[in-house]
Amino acid sequence: MTPEAMTHDQLMQALSPVRLPTPMAVLSTAEMAALLALGIIAGLVLALAVLPFTRRRATRPHLRVAVLRGLPVPDRLLAIARLLGHLPAALRPAAYGAAPPPSDRRIEAIARGARLRRPWRR
């Protein structure tokens with residue numbers, strides 16, 4: 001009988017049985033663990049590749065210091081302390097009235113030179 005005249009069931013019965021050894025037809029525990037590890041590694045690589053495009057970019061405080069120029073000096077010092085998370089030591093006497101306030105340029109220079117304090121790094 002030619003393959004064209006055979007029905008689907010007859011064709012399936014005429015096929016040879018699978019010749020793979022039984023251990024090759026089933027995944028072992030070690031193979032499953034290796035596939036899981038490869039999947040985890042691929043996921044980590046993908047997450048690291050996507051991370052720069054998805055994380056928030058914090059605005060830098062020194063870029064916003066110039067915007068504060070129109071505020072009165074006490075309010076500006078308070079705003080700088082809020083931006084940085086602390087008041088730089090050079091501005092503390094002016095903030096507490098123990099010294100006259102520095103010039104606008106000096107306040108901005110001190111604020112730009114100060115480090116941003118992270119809440120988790122005290």
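Coordinates for the structure precede this section.
Residues numbered from 1 in each chain as written. Predicted model: local features only at pLDDT ≥ 70, side-chain atom pairs only at ≥ 80, totals over all residues. Heavy atoms only, no water.

S.K.: What's the story with the pattern of salt bridges in this structure? I'm lost.
M.R.: If charged atoms from side chains of opposite charge come close, those side chains can pair. Enumeration over the complete set of coordinates arrives at 3 salt bridges. The residue Glu108 makes a salt bridge to Arg69 at a minimum N-O spacing of 2.8 Å. Here Arg69 lies in the loop between α4 (61-64) and α5 (73-84) and Glu108 lies in helix α7 (residues 104-113), a separation of 39 residues in the sequence. A relative accessible area of 4% places Glu108 in the buried class. By relative accessible area, Arg69 is classed as partly exposed at 44%. When the shortest N-O distance is used, the salt bridge between Asp104 and Arg76 registers 2.8 Å. One end of the pair, Asp104, is in helix α7; the other, Arg76, is in helix α5, with 28 residues separating them in the sequence. Overall, the relative accessible area of 32% leaves Asp104 in the partly exposed class. Taken together, the shared-partner salt bridges connect Arg69, Glu108 and Arg112 into one network. (Salt bridge = Lys/Arg side-chain N within 4 Å of Asp/Glu carboxyl O. Helix = DSSP H or I, 4+ residues; strand = E, 2+ residues; numbered from the N terminus. Buried < 20%, exposed > 50% of the residue type's maximum accessible area, 1.4 Å probe, protein only.)

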